[in-house]
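Fold and contact review
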Amino acid sequence: MTVVAELKDVTKRYGDKAVVDNVSLQIQQGEILALLGPNGSGKTTILKILAFLENTSGGEVKIEGETITSKKEENARLKTTLVFQKTTLFDTSVYNNIAYGLKIRKVPKEEQDKSVRRALKLVRLEGFENRPARKLSGGEQQRVAIARALVLESKLLLLDEPTANLDPKNAEIIEEVIDAANRQNKLTIVMATHNMFQAKTLPHRIALMNEGKITEIGEPTEIFGKLSKNIASFAALRNTFRGTASLTKEGSTIVEIGNGVQIEITSQRQGETSIFINPQDIILSEKPIESSARNIFKGIITEVTDTGSLVKLRVDAGKPFTVQITKRSFTEMGLNLGHEVFIVFKASSVQVL
Amino acid sequence: MVDILGGIIEAFQLIVTGDPMLYGIVYRTLFFSGIAVILATLWGTPISMLLGLREFRGKSIVKGLFNTLIGIPTVVLGLFLFLLFSRGGPLGFLGLLYTPGAIILGEAILVTPILVSIMTTAIEAVDPEIMKLAKTLGASESQASIAVLKEAINGVLLSNVASFNRAIAELGVALLVGGNITGLTDVLTTAISRYTARGDLDLAIALGILLMLIVFSINIIIIAARKAKMLLTIGKSPQ
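Residues numbered from 1 in each chain as written. Chains lettered and ligands numbered in written order. Predicted model: local features only at pLDDT ≥ 70, side-chain atom pairs only at ≥ 80, totals over all residues.

Time to look at the overall build of chain A. When you go through chain A residue by residue, the secondary structure sums to 10 helices and 20 strands. By the compact-globule yardstick of 20 Å for 353 residues, chain A fits well, its C-alpha radius of gyration being 22 Å. The principal-axis extents of the C-alpha atoms in chain A amount to approximately 70 × 45 × 40 Å. Counting every position in chain A, which comprises 353 residues, the buried fraction comes to 42%. At a minimum sequence separation of 6, the contacts of chain A that also span at least 24 residues come to 67%. (Helix = DSSP H or I, 4+ residues; strand = E, 2+ residues; numbered from the N terminus. Rg over C-alpha atoms; globule rule 2.2 N^0.38 Å. Buried ≥ 20, exposed ≤ 12 C-beta atoms within 10 Å, placed from the backbone. Contact = placed C-beta atoms within 7 Å.)

The following block contains the structure:
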């Protein structure tokens with residue numbers, strides 16, 4: 001295995017606070033490595049360091065075995081490309097956005113055209129060349145941003161929460177694109193995420209992060225198996241709970257996650273179990289609704305985050321749940337902080353990690 | 001009353017018949033102001049990029065200075081430059097006084113504060129992520145700065161138009177360092193003052209109308225250009 005990039009004892013301090021604390025990491029050719037951890041655990045900073053957009057306070061960064069000093073940064077940036085969490089586009093056409101990096105690399109015009117067309121096909125935006133990029137929908141904009149990075153065929157593609165704040169359809173397209181780019185073009189990818197589901201399906205390896213440190217690194221199955229040891233890093237992740245599973249008299253399985261909250265799941269299990277519920281799979285209602293869903297809890301809205309077309313809510317139902325609904329539903333239901341609501345989800349929506 | 005009406009009629013005759021002296025003045029005005037704006041853009045753009053993109057000590061003082069200088073009375077600047085360029089002055093050896101060069105240089109200095117102030121504001125308004133974006137896509141420091149400048153293009157254009165309007169409409173600098181020499185350094189504003197003083201009201205009015213026409217048409221062209229740009233799908237999206 002060839003090592004594409006390497007961090008050696010890298011530290012980044014802002015004032016007294018170390019946001020990245022003595023991190024060492026090797027990124028193998030052709031792998032997808034996910035940095036998984038709560039907000040503020042240092043994921044984005046690591047990506048920025050690998051993109052040479054952020055200086056380190058200490059340690060070494062190597063690309064293809066070569067230590068990158070500040071003099072070599074400009075050149076090294078031609079090899080690594082970061083896609084930001086907050087979609088940023090140039091105020092011009094889709095074509096000019098995607099071709100920007102190619103123009104910098106002085107790629108002949110004909111090849112530029114071909115590459116742009118190929119990239120647009122990959123993100124399913126064929127024929128969008130002449131559209132003004134900033135007039136596209138949020139999801140389409142993020143797909144343009146991904147295409148703009150893919151077209152460069154960098155040694156290392158860095159993705160910062162590539163599907164955060166996106167609706168499920170756009171998120172799915174982007175996940176497919178990432179997967180295809182990795183499989184077909186053998187692209188090496190490092191992505192930051194706090195989406196457990198994404199972390200479970202996409203990457204070859206996961207690095208668990210907490211408070212600027214990598215607490216665990218390994219294959220997804222291995223990492224999820226060791227969950228209990230890293231409960232601290234997971235406590236801050238959304239909708240991830242740990243509890244004891246037991247069989248009921250009726251033959252269903254419930255997981256007791258504390259504070260009297262019992263979640264019904266479909267898989268047969270007993271003993272210590274970690275579960276995850278995708279925020280999109282949770283339905284919110286003002287009254288207890290009659291449905292086939294097995295899990296219904298009453299809670300209070302304790303936090304509201306506006307992320308564009310979607311609104312993220314934190315609902316305290318004995319345990320904190322994160323729910324994601326469209327802004328339109330949010331407005332129509334007249335929801336706000338302190339409102340009493342019911343959260344509903346199927347037993348089959350609960351993923352056992 | 002009759003005089004004014006007569007003057008206006010005479011003026012239109014001069015404009016329509018293409019009086020060579022009249023159009024010589026128009027040509028010089030456009031030429032001097034145009035070159036002055038180009039000069040000011042040449043040295044004002046790097047200054048604006050420095051002020052808009054970098055952090056350094058005393059930055060707010062420099063910005064404040066440029067803002068304040070926008071309002072400098074043209075006569076005061078004209079006087080200052082006169083003293084500088086006059087034979088006994090520190091730059092007297094250049095022999096610039098009462099030449100087109102003096103007017104161009106003077107007007108370029110005059111419009112620099114307004115150009116720098118508007119351009120800096122436009123650059124500062126660009127999303128700071130644009131710089132990082134350009135860099136991660138492979139741009140060097142200077143290429144990334146140009147990417148930012150492109151994002152600020154509307155403001156850059158506005159700074160040029162405002163500067164041109166200021167240059168074309170000012171009197172003090174052109175009069176004091178240009179000397180208002182007929183056929184050499186007289187421009188619309190200085191010629192208007194001369195013909196008014198002489199009582200050649202028809203000429204003064206004709207020049208006044210032309211000055212207004214130029215200022216208005218430049219602004220109309222800019223508005224049209226912005227609309228055309230939007231039709232070409234590269235306009236700013238409403239946010």
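On to the packing of helix H3 (residues 94–104) of chain A against helix H5 (residues 138–150) of chain A, then. Residues and elements named next belong to chain A. Interaxial distance between H3 and H5 falls to 7 Å at its minimum, and their mutual angle equals 30°. Classified by the angle their axes make, H3 and H5 are roughly parallel. The two elements H3 and H5 meet at a crossing, and its hand is right-handed. Of H5, the residues touching H3 (which contributes Val94, Asn97, Ile98, Tyr100 and Gly101) are Val144, Ala147 and Arg148. For the contact of H3 with H5, the residue count by class is five nonpolar, two polar and one charged. (Axes fitted to C-alpha atoms, helices over the stretch in contact; angles between N-to-C directions. Parallel < 35°, antiparallel > 145°, perpendicular 65-115°, else oblique. Left-handed = near helix turned anticlockwise from the far one by under 90°. Nonpolar A, V, L, I, M, F, W, Y, C, P; charged D, E, K, R; others polar.)

Further remarks concern the environment of Asn165 of chain B. All names here are of chain B. Note that Asn165 resides in helix H8 (residues 153–169). Asn165 gets classed as partly exposed once you count the C-beta atoms within 10 Å, which come to 18. Residues Asn165 and Val215, spaced 50 residues apart in sequence, show a C-alpha to C-alpha distance of 6.5 Å.

Residue and element names in this part refer to chain A. Residues of strand E6 (residues 80–83) alternate between two faces, with Thr80 and Leu82 on one and Thr81 and Val83 on the opposite face, all of them buried. Where E6 meets strand E7 (residues 156–160), four bridges bridge the pair, whose relative direction is parallel. Each residue of the ladder has a partner; that of Val83, found in E7, is Leu159. (Pairing = 2+ DSSP bridges.)

A few words now on the interface of chain A and chain B. In this assembly, 24 residues from chain A lie in contact with 19 residues from chain B. Elements supplying a minimum of two residues to the side of chain A that touches chain B: E6 and H3 of chain A. With three residues, the single largest contributor to the side of chain A that touches chain B is H3 of chain A. Its residues assigned to classes, the side of chain A that touches chain B shows nine nonpolar, six polar and nine charged.

All names here are of chain A. Burial runs high along strand E3 (residues 32–36): five of the five residues are buried. Burial along E3 is two-sided: Ile32, Ala34 and Leu36 and Leu33 and Leu35, pointing in opposite directions, are all buried. Two strands pair when backbone bridges link them, and E3 and strand E9 (residues 205–210) are joined in this way by four bridges, in the parallel orientation. Considered in E9, the bridge of Leu35 is made with Ala207.

What follows is about the nonpolar core. Ranked by internal contacts, the top residues of the largest apolar core, which has 152 residues, are Ala147, Leu158, Val190 and Ile343 of chain A together with Leu207 of chain B. In terms of residue count, the dominant contributor to this core is helix H5 (residues 100–124) of chain B (14 residues). (Core = buried A, V, L, I, M, F, W, Y, C linked by C-beta atoms within 7 Å.)

The subject of this paragraph is the domain arrangement of chain A. Residues and elements named next belong to chain A. The assigned domain composition of chain A is domain 1 (3–225) and domain 2 (278–346). Computed from C-alpha coordinates alone, the two centres of domain 1 and domain 2 are separated by 31 Å. Each partner contributes to the interface: domain 1 provides five residues, whereas domain 2 provides six residues. Classifying every residue of the side of domain 1 that touches domain 2 gives two nonpolar, two polar and one charged. (Domains from an automatic or database assignment.)

Once that is clear, we can look at H5 of chain B. Residues and elements named next belong to chain B. Its 25 residues place the ends of H5 35 Å apart at the C-alpha level, agreeing with the 36 Å of an ideal helix rising 1.5 Å per residue. Most pronounced at Val111, the bend in H5 amounts to some 40°, and the proline Pro113 follows within four residues. Counted residue by residue, H5 has 20 buried out of 25 residues, so it is predominantly covered. (Expected span 1.5 Å × (residues − 1). Bend = angle between axes of the 7 residues up to and from the residue.)

A separate point is the environment of Leu102 of chain A. Residue and element names in this part refer to chain A. Relative to the helices and strands, Leu102 is located in helix H3. Measuring from C-alpha to C-alpha, the distance between Leu102 and Leu152 comes to 6.7 Å, with 50 residues separating the pair along the chain. Once residues lying within four places of it in the same chain are set aside, the contact partners of Leu102 are Val107, Gln112, Ser115 and Val151.

Attention shifts here to helix H6 (residues 168–185) of chain A. All names here are of chain A. Along its 18 residues, H6 runs 25 Å from first to last C-alpha, staying within 8% of the 26 Å computed at 1.5 Å per residue. All of the buried residues in H6 are Asn170, Ala171, Ile173, Ile174, Ile178 and Ala181. Seen end-on, H6 carries its buried residues on one side only, within an arc spanning 160°. Turned more than 90 degrees off the buried face of H6, the exposed positions are Lys169, Glu172, Arg183 and Gln184. (Arc of directions from axis to C-beta.)

Attention shifts here to the sheet that holds strand E2 (residues 17–28) of chain A. Residues and elements named next belong to chain A. A sheet is described by the order of its strands in space; here four strands give the open sequence E2-E1-E4-E5, paired in antiparallel fashion. Edge positions in the sheet fall to E2 and strand E5 (66–67), since each of these pairs with one other strand and no more. Direction of pairing for strand E1 (residues 3–14) relative to E2: antiparallel, over a ladder of eight bridges. Paired with Ala5 across the strands is Ile27, a residue of E2.

The subject of this paragraph is the environment of Ser93 of chain A. Position of Ser93 of chain A relative to the elements: it lies in the loop between E6 and H3. A sequence separation of 35 residues divides Ser93 of chain A from Phe128 of chain A, and the C-alpha atoms of the two residues are 8.7 Å apart.

Put simply, chain A has an average pLDDT of 88, and 96% of its residues get 70 or more. Mean pLDDT values over the elements of chain A span from 50, in helix H9 (residues 231–235) of chain A, up to 97, in H3 of chain A. (pLDDT = per-residue confidence, 0-100.)

When two helices pack together, their arrangement is captured by the angle between the axes and the distance separating the axes. Residues and elements named next belong to chain B. At a minimum axis separation of 8 Å, helix H3 (residues 59–69) and H5 run at an interaxial angle of 125°. One finds that H3 runs oblique with respect to H5. For the element pair H3 and H5, the recorded crossing hand is left-handed. When H3 is examined against H5, the residues Lys63, Phe66, Asn67 and Leu69 are found in contact with a partner set consisting of Pro113, Val116, Ser117 and Thr120. Residues of the contact of H3 with H5, tallied by class, amount to four nonpolar, three polar and one charged.

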